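A structural walkthrough
In case you want the letters, here they are:
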2 protein chains.
Amino acid sequence: MDIQLKRGLLDVCVLAAIKNEDSYGYKIIKDLKPYIELSESTLYTILKRLENARMLTVRSAEHDGRLRKYYHITNNGIKRIEEFKEEWKEVISIYQFVIKEDSRE
Amino acid sequence: MDIQLKRGLLDVCVLAAIKNEDSYGYKIIKDLKPYIELSESTLYTILKRLENARMLTVRSAEHDGRLRKYYHITNNGIKRIEEFKEEWKEVISIYQFVIKEDSRE
DNA sequence: GCGTAATACATCGTAACGCGAAGTATATTA
DNA sequence: TAATATACTTCGCGTTACGATGTATTACGC
């Protein structure tokens, strides 16, 4: 999938992936895999960004001797998803413009 | 509208805007305005990029004493729109994932 | 028991891209 | 004659996705 197209989707996908249940990096990548692929370096950058934007909080926990950082969505994060849904209306209208122009004979 | 969300759409919008009739910079911006806004610096960058990628060709013409550069879509450009329509299926599936997670109670 | 894969997180440098700012130049209009 | 519209160009900046690389532990196949 085109990188540019992913840019507007990744943040919200990560937020959606932790919305119902706190999760950690490795699991988020696996959960998103059927929908959108992202590398570890990409994800950890995103998580850091979302944390700085106070859209999620972090809590460290040990699991089988390995460190895990669990991410929890905040109200800001939930708001971000809401905004995304609003923006989606614009996206649809843009898509329809493209289709309209494309299918004109 | 979120910049990141625009990134995957702008190229294709510009191609769609010239697909049925050759057009020029200033007009493209106006035609796209109801759907997506972009600055001149953004558009001319995109046009140069699409030209380098052989998705369009350019022809200069004088109009009322002012220079106009008319852009014409190529087969590569048309292919790009087709690819976009294919990728859109993935985008929809991603969107549905977000909605599904968001609406789970 | 030993190599490989899986789990888990972190950092660095790079390239692509949108955009504001600033510039050049002509035509129209108030 | 000043302001606005038309029309294209270039520069630098900030944001972002990603490959490469690194660290460290656990699980599994042979």
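Look a little higher up for the structure.
Notes on the structure in this doc start here. Think of each chain on its own: its residues are numbered from 1, step by step along the sequence as written. In the order they appear in the text, chains get letters beginning with A and ligands get numbers beginning with 1. Two thresholds apply to this predicted model, a pLDDT of at least 70 for residue-level local features and 80 or more for giving and counting side-chain atom pairs, whereas whole-chain, interface and lining totals are computed over all residues. Only hydrogens and water are removed before side-chain values are computed, so all heavy atoms of the structure are retained for them.

Listed per partner, the contact involves 35 residues of chain B and 35 residues of chain A. Here the quantity called buried area is the accessible surface, traced with a 1.4 Å probe, that two parts lose on coming together, added over both. Both faces considered, chain B and chain A share a buried interface measuring about 3,700 Å² in area, 64% of it formed by carbon and sulfur atoms. Each helix is a run of DSSP H or I of at least 4 residues and each strand a run of E of at least 2, with the numbering of both proceeding from the N terminus. Those elements that provide at least two residues to the side of chain B that touches chain A are α1 (3-19) and α4 (75-102) of chain B. Taken together, the residues of the side of chain B that touches chain A break down into 19 nonpolar, four polar and 12 charged. In what follows, residue pairs with any heavy atoms lying within 4.5 Å of each other are defined as contacts. Any residue outside Ala, Val, Leu, Ile, Met, Phe, Trp, Tyr, Cys, Pro, Asp, Glu, Lys and Arg is labelled polar, Gly included; the first ten of those are nonpolar and the last four are charged.

By nearness alone, 24 residues border DNA strand C, and K30, Y44 and R68 of chain A together with K6 and R7 of chain B come closest of all. In the analysis that follows, any N or O atom pair within 3.5 Å is treated as a polar contact, provided that within protein one partner can donate a hydrogen and the other can accept it, and provided that, for residues neighboring in sequence, both atoms belong to side chains. Within the side chain of R66 of chain B, one N or O atom sits 2.7 Å away from a base oxygen of DNA strand C. Sorting the residues of the surface near DNA strand C by element identifies α3 (25-32), α4 (40-52) and β3 (66-73) of chain A together with α1 and α3 (40-52) of chain B as the ones contributing at least two each. Considered class by class, the residues forming the surface near DNA strand C number seven nonpolar, seven polar and 10 charged. Only a single heavy atom is needed: when it lies within 4 Å of a molecule or strand, its residue is near that molecule or strand.

Turning our eyes to something else, we now look at the pattern of salt bridges. Criterion for a salt bridge: a side-chain nitrogen of Lys or Arg within 4 Å of a carboxyl oxygen of Asp or Glu. Enumeration over the complete set of coordinates arrives at 21 salt bridges over all chains. In this structure, K19 of chain A and D102 of chain B form a salt bridge, with 3.0 Å as the shortest nitrogen-oxygen distance. With K19 of chain A in helix α2 (residues 10-19) and D102 of chain B in helix α4, this residue pair bridges two chains. Between K48 of chain A and E51 of chain A there is a salt bridge whose closest N-O contact spans 3.4 Å. Taken together, the residues span about one helical turn, with K48 of chain A and E51 of chain A both in helix α4 at a distance of three residues. Judged by relative accessible area, K48 of chain A falls into the partly exposed class, the value being 47%. Take E51 of chain A: its relative accessible area is 26%, and that puts it in the partly exposed class. One salt-bridge network, held together by shared partners, links K19, E82 and K85 of chain A together with D102 of chain B. The cut-offs for exposure are 20% and 50% of the maximum accessible area for each residue type, with area from a 1.4 Å probe on protein chains only; residues under the lower value are buried, those over the upper are exposed, and the others partly exposed.

Glancing now at the protein's contact with DNA strand D. Near DNA strand D, the surroundings consist of 24 residues, among which K6 and R66 of chain A together with E40, Y44 and R68 of chain B are the closest. A breakdown of the atoms of DNA strand D within 4 Å of the protein gives sugar and phosphate a share of 70%. Interatomic distance of 2.7 Å between a side-chain N/O atom of E40 of chain B and a base nitrogen of DNA strand D. Among the elements of the structure, α1 (3-7) and α4 of chain A together with α2 (25-32), α3 and β3 (66-73) of chain B are those that each provide at least two residues to the surface near DNA strand D. Class assignment for the residues of the surface near DNA strand D results in seven nonpolar, seven polar and 10 charged.

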